[in-house]
Amino acid sequence: MSSLSVAINLPFKPEPVDIDVDLYADLESDALFKMLPANAKEYVQNSPHLLEYLHTFPVNTYGIPLFVSELTKDLRNNKNPNVIYPVNDTTFVHILPDPDDVRNYYIPIEPSFLHSVSDILPVVETKLIDLIDGLETDPTTDKERADVIKKMLATIAIVKPPGVDVASLTKKDVQAGGSSKLMTFLNTDFTAQKKMKSGKKSKNIPITPEGKIILSKVEYQAIEYLLVRDKIEMGVLKPFLSDSYIEDISCDGVGPIFIEHKVFKGLKSVVEFKVSSELDEFVVKVAERIKRPITYRNPVVDATLPDGSRINIVYGTAISKHGSNFTIRKVNEVPLSILNIVESGGIDYVSAAYLWICVEYGMSLFVSGETASGKTTLLNAITTFIPPENKIVTIEDTPELNVPHRNWVREVALAKGGGESGGAGGEVTMFDLLKAALRQRPNQILVGEIRGVEGSVAFGAMQTGHPVMSTFHAASVEKLIQRLCGDPINIPKTYVDNLNLVVIQSAVKRPDGQTVRRMISCNELVGYNAETGGFTFVQMFTWEPVSDTFVWTGKGSSFLLENKIASMLGIPDSKKAEIYLEVEKRAKILERLHKAGYIKFWDLFHMITKIKKQGLLTIGA
């Protein structure tokens, strides 16, 4: 991706920086550094650009920010946050209040954030082009490309000694011994002012007699960061994509990038696109980066970023009047486990244990709800309940599911022209993949989302004994059945009861105004009544909004537990009620695992596998 001059619209007037950025070796003499808490001092020592930012920040107005290594839930209640937290080794985020808006500010602090190297970059890039043209072999991975850029920068640039202001020296000063420290370092020469393509003059850029550009340490770090960020990675999106606390990133057109944050909720970034043409150029570069070229003829792209995040791009003002727009749905590097969801209040131990038994014994289920209600997150979490020895096939148009099983076939639909080369190519639909999956002898088929004709194949698979798990867009069981039986899915009504379970998921507002994700209900589909034309379903669990708890409304009347699973296990009618005790037993197992710290996705799966091998999950044991 090429460099783009995206605007940074700070919500405060920056204070003049009166420190020499090369004097960070003597941090203890800096007045602001002395005022910082211990953890902030450690951050500054490793990332000097953070101190430069703090010097521009009006501390007298806002106070020294709270520095935290991790964000905690109690920060949600802070109405006027002034918080800085690390995103990675080089990037920090400052959350600052906006008294005039419901959205507070999100300020990414990168090595290049304040230290302007716009005059030097073109000179560096020109020298790099000559070196790249001479490469004998092309690097194949992003890491290899980044390493090549870093090595080349080290070849064409050199860091000047601390305490030497090269820009203030003249060649005559150096020859007269005006800086013996610098002369000891190298025999320096200076370029004349270089003209940029725009015709504007740049500042003096010092070079050595061998032609190496002389940079301060901060300039060198900023240039190295920008080259890798903009040429190899996702450009200005990098800090947002690196932030594990972000759920969604959106740009609605010309203007700021907006964020949905896990702790601070809706935020507006200080990073803005000022010109429509520049936003167009940016989304074109993003589409090229993910090998899904975008044009005026094909202006909409749904794809996956290198980190697995899902992106939707709409290109051009013809169909997006505010300019091109994009929306990114972040994915967690480590999927949330069912215990993570229990911890957040999204489900409880008993309903999770009920799902555990149903999934283990091959019941088909849909997790249904509106957009961004947590459907895929819940579906992925309950994959840990699938027996570890099972073979699983996942089918998605955009890969989001992350299954813990070793025997896992992961298949992704391919749009026309969506090949690796980005050129013309055949289309492979989810319908095609689902038909192919039936020949692969899976124990479970997971479909990312059922929207169209693939639904009929999914229900055909259920009829032939293949358990299918999927997400679906419908806010209730009734709406789900209507959509299944209508265009374009067109499932015959008599087929619908092949689906055993429907979990309704929703994003709801609590009395304190906070939006949370909850399993609203868990429903068993019992059958179709031909006389009335209706369906019988039983609510097994319901969410009680006043107490924010889950009620086992179907205890003692579960069609699946008594008539399907108990019969499958050969439990006699007189003892079928004991299967409810198994739900309670597994709820206690989940609670013990939670208290023992086995909360993470992979840890939980491995512990469930061990428990199964020990024979503790045999019903009746």
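Just so we're clear, the structure is a prediction, and the values are computed from it rather than from any experiment. (Residues numbered from 1 in each chain as written. Predicted model: local features only at pLDDT ≥ 70, side-chain atom pairs only at ≥ 80, totals over all residues. Heavy atoms only, no water.)

**Describing the overall build of the protein chain**
Then step 1. Along the protein chain, the regular secondary structure elements total 20 helices and 24 strands.
Then step 2. Expressed as a percentage of the 621 residues in the protein chain, the buried residues total 50%.
Then step 3. By sequence separation, contacts in the protein chain at least 24 residues apart represent 58% of the contacts at least 6 residues apart.
Then step 4. When the accessible surface of the protein chain is split by element, carbon and sulfur atoms take 51% of a total near 29100 Å². (Helix = DSSP H or I, 4+ residues; strand = E, 2+ residues; numbered from the N terminus. Buried < 20%, exposed > 50% of the residue type's maximum accessible area, 1.4 Å probe, protein only. Contact = heavy atoms within 4.5 Å. Areas by Shrake-Rupley, 256 points an atom, 1.4 Å probe, with all protein chains shown as cover.)

**Considering the packing of aromatic side chains**
Then step 1. For the structure on display, the rule yields 19 aromatic pairs.
Then step 2. Here the aromatic rings of F12 and Y62 are separated by 6.5 Å at their centres, their planes lie at 65 degrees, and the arrangement is edge-to-face. With F12 in the loop between strand 1 (7–8) and helix 1 (31–35) and Y62 in helix 4 (residues 59–62), the pair connects residues that are 50 residues apart, well separated along the chain.
Then step 3. Given the relative accessible area of 32%, Y62 is considered partly exposed.
Then step 4. Seen from their ring centres, F366 and F459 are 6.0 Å apart, and the 85 degrees between their planes marks the pair as edge-to-face. Of this pair, F366 sits in strand 16 (residues 365–369) while F459 sits in helix 16 (residues 454–463); the two residues are 93 residues apart in sequence, bridging distant segments of the chain. (Phe/Tyr/Trp six-rings, centres within 6.5 Å; stacked < 30°, edge-to-face > 60°.)

**A word on the confidence of the model for the protein chain**
Then step 1. Scored by pLDDT, the protein chain comes out at a mean of 86, with 88% of its residues at no less than 70.
Then step 2. Across residues 19–23, confidence stays below pLDDT 50; counting only partners more than four residues off in sequence or on other chains, it has 13 contacts.
Then step 3. Considering only residues more than four positions removed or in separate chains, one finds that residues 420–424, a stretch of pLDDT under 50, has 7 contacts. (pLDDT = per-residue confidence, 0-100.)

**Focus on helix 6 (residues 142–156)**
Then step 1. Given a rise of 1.5 Å per residue, 15 residues ought to cover 21 Å, and the 21 Å separating the end C-alpha atoms of helix 6 matches this to within 8%.
Then step 2. On the buried face of helix 6, the contacting elements are helix 5 (121–133), strand 6 (157–159), strand 9 (213–215) and helix 9 (217–231). (Expected span 1.5 Å × (residues − 1).)

**Focus on the pattern of salt bridges**
Then step 1. Applying the stated criterion to the full structure yields 26 salt bridges.
Then step 2. With its nearest N and O atoms 3.2 Å apart, the salt bridge here joins D147 to K143. Linking D147 with K143, this pair stays in helix 6, spanning 4 residues, or about one helical turn.
Then step 3. For K143, a relative accessible area of 62% gives the class exposed.
Then step 4. With a closest N to O distance of 2.8 Å, R229 and D230 form a salt bridge. (Salt bridge = Lys/Arg side-chain N within 4 Å of Asp/Glu carboxyl O.)

**Focus on the nonpolar core**
Then step 1. Membership of the largest hydrophobic core comes to 58 residues, with the highest contact counts inside it found for I338, Y354 and I382.
Then step 2. By residue number, the principal contributor to this core is helix 13 (residues 349–360), which donates 8 residues.
Then step 3. Setting aside chain neighbours within four positions, we find Y354 in contact with L501, C522, E524, M540, F541, S558, L560, L561 and V583.
Then step 4. Counting residues in hydrophobic clusters, the runner-up holds 42 residues, among them V6, V68, L237 and F240. (Core = buried A, V, L, I, M, F, W, Y, C linked by side-chain atoms within 4.5 Å.)

**Structural notes on the sheet that holds strand 22 (residues 515–529)**
Then step 1. Reading across the sheet, the 9 strands line up as 18-17-19-20-16-21-22-23-24 and stay open at both edges, with mixed pairing between neighbours. Edge strands, defined here as strands with exactly one partner in the open sheet, are strand 18 (408–412) and strand 24 (549–551). Neighbouring strand axes in the sheet, compared pairwise and without regard to direction, differ in orientation by 20 degrees on average.
Then step 2. Its contacts with the sheet put helix 15 (residues 430–437) on strand 17 (392–396), strand 18 and strand 19 (444–447), and the angle it makes with strand 17 is roughly 170 degrees. (Pairing = 2+ DSSP bridges. Axes fitted to C-alpha atoms, helices over the stretch in contact; angles between N-to-C directions.)

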